[in-house]
Amino acid sequence: MKTIGLLTSGGDAPGMNACIRAIVRTCVYNGIRVMGIRFGFDGLIRGDIYEMNVSSVADIIQRGGTILGSARSEDFRTEKGQKKAIDILKDFGIDSVIVMGGDGSFRGAKELSVKGIKAIGIPCTIDNDMGYTDYTIGFYTAVETVVDAISKIRDTSSSHGRGNVIEVMGRHCGDIALYAGLAGGAESIVVPEIDFNIDEITDKVISGKKRGKLHHIIILAEGVGNAYELAKEVQEKTDVTTKVTVLGHIQRGGNPSAFDRLLASQMGNRAVKLLMEEKSGLALGMSCNKVFEMDLIEAVGIEHKLNTGLFEIARELSI
Ligand code: F6P
C-alpha cells in the first residue's frame, strides 16, 4: 500500500491547514495510508510521525497556523541529517512526501527526491516571493490582515491629522506592502525592489495636508529601512506628527481567506494525484487561475519580480 507523509516547514502561512485537510482527505478517498510529520524536517529527523485519518483533519479548513507544527531546520541541511531522515521514512514505510513551505523547504524536498523518496512541494508563505507561481498559499490572507490594519490606523490617523508608518513583513519581497498598500489606499509604498525617495514621500504629505487631507499612510516593507527613523524624518520635514506601527507576526495568523482555502484545496488534491502517478521532484504553482507543476529546482531558481505595473498604479492613485 502506498504511504504518503506530509509536513509543513518554514514560517507558517494561513491555508496550510486547508492544504493538510485536502491531502489527507484525498489520500483516504483513494485508499492511501497517510502520515503526519510534526515540526517540519526537524520532526522528521526525530521520527515525530503519526498516522492520520479523516477525523484528524476535521474542523481545520478555517484555522490559521498548522496543526502539524512547523520549523526551520538546520539539521536537515547536513548530509547526516538527510540520511537520518531517509532512514526514518523507510522505518515508517513512507515512500512519498508532500512538503508545504517556501524556497528552503523546496530545496529540502528536492534532497528527498534525489535520495529515492518521491517528493512534491506546495508553495506556502505569506511573502509571495516565489517567482514561478502567481500566488503562494497564505499571501492573500496576510494582505487582508494588513488592509484591515490600514483601515483601523487610518481612522485614528484622520481623527488626529497624523501620519503613520506601517511596517509589514515580506522578507526580501515587496508584495505584501504593494498589494495591501494599493488596496488600502496608502499614500506611499516603500518596497525593496524599487529605490525610494524621501522627498517624494514628504512632498505627498505636505501637498495632502495643504488640501486638507488628515491621514498620511506610508507602508514600509521590512528590511528596507528603519520604520522609526523614517517616521522621524517625515515628521521633521513635514511638521506632521508621524507614528509607527510594526504589524509583525499578526500577519502570519488568522483564518485563511476563501482564496487561500481554494488554492490549498486544489494544490493538496493535485499533489496526491501526482504521487499516485509516481511523479516526483515537482513544485505546484498557480498561473492564470490554473494549478500546474514544474521541476522543483527550476521553480526555486525563478526569481520573483515585483509587479511594477501595480506599483505605478499605486503611485498615480495616491497623489
Ligand atoms: O517568510 C515568512 C516571514 O513571516 C517573513 O515575512 C519574515 O521576515 C519571517 O518569516 C519571520 O520569521 P520568524 O517568524 O522566524 O521570525
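In what follows, the structure referred to is the one given above.
Residues numbered from 1 in each chain as written. Predicted model: local features only at pLDDT ≥ 70, side-chain atom pairs only at ≥ 80, totals over all residues. Heavy atoms only, no water.

**Student:** Just to check I follow, could you spell out the site of the ligand for this structure?
**Tutor:** Every residue near the ligand is listed here: Arg-72, Thr-125, Ile-126, Asp-127, Met-169, Gly-170, Arg-171, Glu-222, His-249 and Arg-252. At 2.7 Å, a side-chain N or O of Asp-127 approaches an oxygen atom of the ligand. One nitrogen or oxygen atom from the side chain of Arg-252 is found 2.8 Å from an oxygen atom belonging to the ligand. For the ligand, whose free accessible area comes to 400 Å², the fraction covered by protein is 74%. When residues of the shell around the ligand are sorted by domain, at least three fall in each of domain 1 (3-138 + 256-301) and domain 2 (139-253). (Near = heavy atom within 4 Å. Polar contact = N/O pair within 3.5 Å; in protein donor to acceptor, adjacent residues only side chain to side chain. Areas by Shrake-Rupley, 256 points an atom, 1.4 Å probe, with all protein chains shown as cover. Domains from an automatic or database assignment.)

**Student:** What is the right way to look at the pattern of salt bridges in this model?
**Tutor:** When charged atoms on two side chains of opposite charge get close, those side chains can pair. Taken as a whole and judged by the stated rule, the model has 22 salt bridges. In this structure, the salt-bridge partner of Lys-2 is Glu-278, at a minimum N-O distance of 3.9 Å. Of the two residues, Lys-2 is situated in the segment before β1 (3-8) and Glu-278 in the loop between α9 (258-276) and β10 (282-287); the sequence distance between them amounts to 276 residues. The residue Asp-12 makes a salt bridge to Arg-252 at a minimum N-O spacing of 2.7 Å. Of this pair, Asp-12 sits in the loop between β1 and α1 (16-29) while Arg-252 sits in the loop between β9 (242-246) and α9; the two residues are 240 residues apart in sequence, bridging distant segments of the chain. Taken together, the salt bridges that share partners define one network made up of Lys-2, Asp-95, Lys-118 and Glu-278. (Salt bridge = Lys/Arg side-chain N within 4 Å of Asp/Glu carboxyl O. Helix = DSSP H or I, 4+ residues; strand = E, 2+ residues; numbered from the N terminus.)

**Student:** For this particular structure, what's the right way to read the packing of aromatic side chains?
**Tutor:** Aromatic ring pairs are described here by two measures, namely the spacing of the ring centres and the angle between the planes. A complete count under the given rule lists 10 aromatic pairs for this structure. Between Tyr-135 and Phe-139, the ring centres sit 6.3 Å apart and the planes meet at 15 degrees, which makes this aromatic pair stacked. In this pair, the class of Tyr-135 matches that of Phe-139, namely buried. Ring centres of Tyr-140 and Phe-259 lie 5.3 Å apart, and the angle between their planes is 70 degrees; this geometry places the pair in the edge-to-face category. Placement of Tyr-140 in helix α5 (residues 139-160) and of Phe-259 in helix α9 is noted, with a sequence separation of 119 residues between them. Among the residues examined, Tyr-140 registers a relative accessible area of 23% and is labelled partly exposed. Given the relative accessible area of 27%, Phe-259 is considered partly exposed. In textbook terms, an aromatic cluster arises when at least three aromatic residues are bridged by ring pairs, as seen for Tyr-135, Phe-139, Tyr-140, Tyr-179 and Phe-259. The side chain of Arg-38 reaches across the aromatic face of Tyr-50, ending 4.1 Å from its centre. (Phe/Tyr/Trp six-rings, centres within 6.5 Å; stacked < 30°, edge-to-face > 60°. Buried < 20%, exposed > 50% of the residue type's maximum accessible area, 1.4 Å probe, protein only. Lys NZ or Arg CZ within 6 Å of the ring centre and 35° of its normal.)

**Student:** How should I be thinking about the pairing of strand β8 (residues 216-221) in this particular structure?
**Tutor:** Looking down a regular strand, the side chains alternate between one sheet face and the other. Counting buried residues along β8, 6 of its 6 residues qualify, which places the element largely inside the surrounding structure. With burial as the criterion, each face of β8 is covered, one bearing His-216, Ile-218 and Leu-220 and the other bearing Ile-217, Ile-219 and Ala-221. Pairing geometry for strand β6 (residues 163-168) and β8, over 6 bridges, is parallel. Each residue of the ladder has a partner; that of Gly-163, found in β8, is His-216. Here strand β7 (residues 188-190) runs beside β8; their pairing, made up of 3 bridges, is parallel. (Pairing = 2+ DSSP bridges.)

**Student:** How should I be thinking about helix α6 (residues 175-183) in this particular structure?
**Tutor:** Spacing of three or four residues puts side chains on the same side of an α-helix, whose turn is 3.6 residues. Counting buried positions along α6 gives 7 out of 9 residues, so the element sits mostly inside the fold. Among the residues of α6, Asp-175, Ile-176, Ala-177, Leu-178, Tyr-179, Ala-180 and Gly-181 are the ones counted as buried. Looking at the residues trailing α6, positive phi occurs at Gly-185, about 70 degrees.

**Student:** Where do I start with the environment of Asp-48 in this structure?
**Tutor:** For Asp-48, the location among the structural elements is in the loop between α2 (40-46) and β3 (49-51). You can call Asp-48 partly exposed: its relative accessible area is 22%. Spatially, the C-alpha atoms of Asp-48 and Gly-36 are 8.5 Å apart, while their sequence positions differ by 12 residues. Beyond its immediate stretch of four places on either side in the chain, Asp-48 contacts Gly-36, Ile-37, Arg-38, Phe-39 and Gly-43. (Contact = heavy atoms within 4.5 Å.)

**Student:** Where do I start with the packing of α5 against α6 in this structure?
**Tutor:** The packing of two helices is summarised by the inter-axis angle and the distance between the axes. Contact geometry of α5 with α6 gives a least axis separation of 9 Å together with a crossing angle of 50 degrees. Regarding the angle of α5 to α6, the classification is oblique. Our pair here, α5 against α6, has a crossing hand that is right-handed. Here Phe-139, Tyr-140, Ala-142, Val-143, Val-146, Val-147 and Ile-150 of α5 lie close against α6, whose contacting residues are Asp-175, Ile-176, Tyr-179, Ala-180, Gly-181 and Ala-183. Residue composition of the contact of α5 with α6, grouped by class: 11 nonpolar, 1 polar and 1 charged. (Axes fitted to C-alpha atoms, helices over the stretch in contact; angles between N-to-C directions. Parallel < 35°, antiparallel > 145°, perpendicular 65-115°, else oblique. Left-handed = near helix turned anticlockwise from the far one by under 90°. Nonpolar A, V, L, I, M, F, W, Y, C, P; charged D, E, K, R; others polar.)

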